[in-house]
Amino acid sequence: LNNLLIMFPFVISWEEVYRAKKIMEEEGLIPHKDVKVGIMVETPAAAMTIEDIIKKAGIDFISFGTNDLTQLTLGVDRNNEMVQKLMDESHPAVVKLISRVIKICKKYGVYTSLCGQAGSRPDYAELLVKLGIDSISVNVDAIELVRETVLRTEKKILLDKIRKLDEQ
């Protein structure tokens with residue numbers, strides 16, 4: 001089982017992750033050795049306490065659940081037609097949470113990914129690449145367009161860094 005990953009959903013505290021890992025150990029599964037351990041970042045609580053989760057509980061990876069994170073951050077029921085138009089993964093509050101989590105995860109070597117509809121939007125994929133995300137899940141019909149967007153954005157980032165070095 002060298003390719004097994006376990007991801008805990010709807011995390012709101014480091015204590016939950018810690019306890020879940022203890023249960024894994026009791027069942028004979030050694031976290032970070034037998035299996036990589038991660039969390040879904042789909043609650044504002046997880047996004048705001050990600051450093052505690054990393055330092056106190058220990059994780060190998062995170063995956064953003066943008067649908068739930070957006071809904072819970074904005075207080076908008078995505079299934080309610082009357083307010084559904086307010087669901088916006090690009091809202092500054094959501095983007096700030098995602099940016100913050102990515103920065104902290106990079107600091108501790110925690111792999112970052114995104115699942116959900118937002119990753120299939122080229123403009124959002126570009127934003128995620130600029131923020132430093134490691135991977136993005138996309139719908140099959142958006143693969144080519146998002147792949148091209150990611151490649152173009154990464155090239156631009158590299159060229160900008162080279163130009164800065166040349167100026168020094």
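Quick caveat: nothing in here was measured; it's all calculated off a predicted structure. (Residues numbered from 1 in each chain as written. Predicted model: local features only at pLDDT ≥ 70, side-chain atom pairs only at ≥ 80, totals over all residues. Heavy atoms only, no water.)

## A closer look at the overall build of the chain
This is how the line gets drawn: Secondary structure elements are taken from DSSP: a helix is a run of H or I of four residues or more, a strand is a run of E of two residues or more, and numbering for both begins at the N terminus. We call a residue buried when its accessible area falls under 20% of the maximum for its residue type, exposed when it is over 50%, and partly exposed in between, using a 1.4 Å probe and counting protein chains only. Working rule for contacts: check all heavy atoms of both residues, and any pair within 4.5 Å makes them a contact. Per-residue accessibility takes into account occlusion by the displayed protein chains alone, with areas from the Shrake-Rupley method and a 1.4 Å probe. Within this scheme the basic residues Lys and Arg register as positive and the acidic residues Asp and Glu register as negative, but His and the chain ends are omitted. Every charge is mapped onto a representative atom, which is NZ of Lys, CZ of Arg, CG of Asp or CD of Glu.
In terms of regular secondary structure, the chain is built from seven helices and five strands. When the elements of the chain are put in sequence order from the N terminus, they spell out β-α-β-α-α-β-α-α-β-α-β-α. With the C-alpha coordinates aligned to their principal axes, the bounding extent of the chain is approximately 50 × 50 × 30 Å. Out of the 168 residues in the chain, the part that is buried amounts to 38%. A fraction of 59% describes how many contacts in the chain between residues 6 or more apart in sequence connect residues 24 or more apart. Counting only carbon and sulfur atoms, one obtains 55% of the accessible surface of the chain, whose full area is about 10,000 Å². Averaging the locations of the 23 positively and 25 negatively charged side chains of the chain gives two centres separated by 6 Å.

## Digging into the state of the cysteines
Here is the rule we go by: A pair of cysteine sulfur atoms is labelled a disulfide when the two atoms are within 2.5 Å.
Applying the stated criterion to the full structure yields zero disulfides. No disulfide involves Cys105; its nearest neighbouring cysteine sulfur is the one of Cys115, lying 14 Å away. Looking at Cys105, the relative accessible area reads 0%, which means it is buried. According to the relative accessible area criterion, Cys115 is partly exposed, its value standing at 25%.

## Some details on the pairing of strand β3 (residues 61-65)
This is how the line gets drawn: Strands qualify as paired when DSSP identifies two bridges or more between them.
In terms of burial, β3 is largely enclosed, as five of its five residues are buried. Residues Phe61, Ser63 and Gly65 of β3 are buried on one face, and the alternating residues Ile62 and Phe64, pointing to the opposite face, are buried as well. Judged from the four bridges that link them, strand β2 (residues 36-41) and β3 form a sheet pairing that is parallel. Residue pairing in the sheet places Gly38 in a bridge with Phe61 of β3.

## Digging into the pairing of strand β4 (residues 111-115)
Relative to β4, β3 runs parallel, the two sharing five bridges. The partner of Ile62 across the bridge, within β4, is Thr112. Here β4 pairs with strand β5 (residues 135-136) via two bridges, running parallel. Across the sheet, Ser113 pairs through a bridge with Ser135, a residue of β5.

## Overview of the nonpolar core
Just so we agree on the cut-off: We define the nonpolar core as a collection of buried residues of types Ala, Val, Leu, Ile, Met, Phe, Trp, Tyr and Cys that are connected through side-chain atoms lying within 4.5 Å of one another.
Core analysis: the largest hydrophobic core is formed by 38 residues, its most contacted members being Ile39, Val41, Ile50, Ile59, Ile62 and Phe64. Looking at this core element by element, the count peaks at seven residues for helix α5 (residues 92-108). If we ignore the near neighbours within four places in the chain, the residues touching Val41 are Ala46, Ala47, Ile50, Ile62, Ser63, Phe64, Gly65, Leu69 and Val101.

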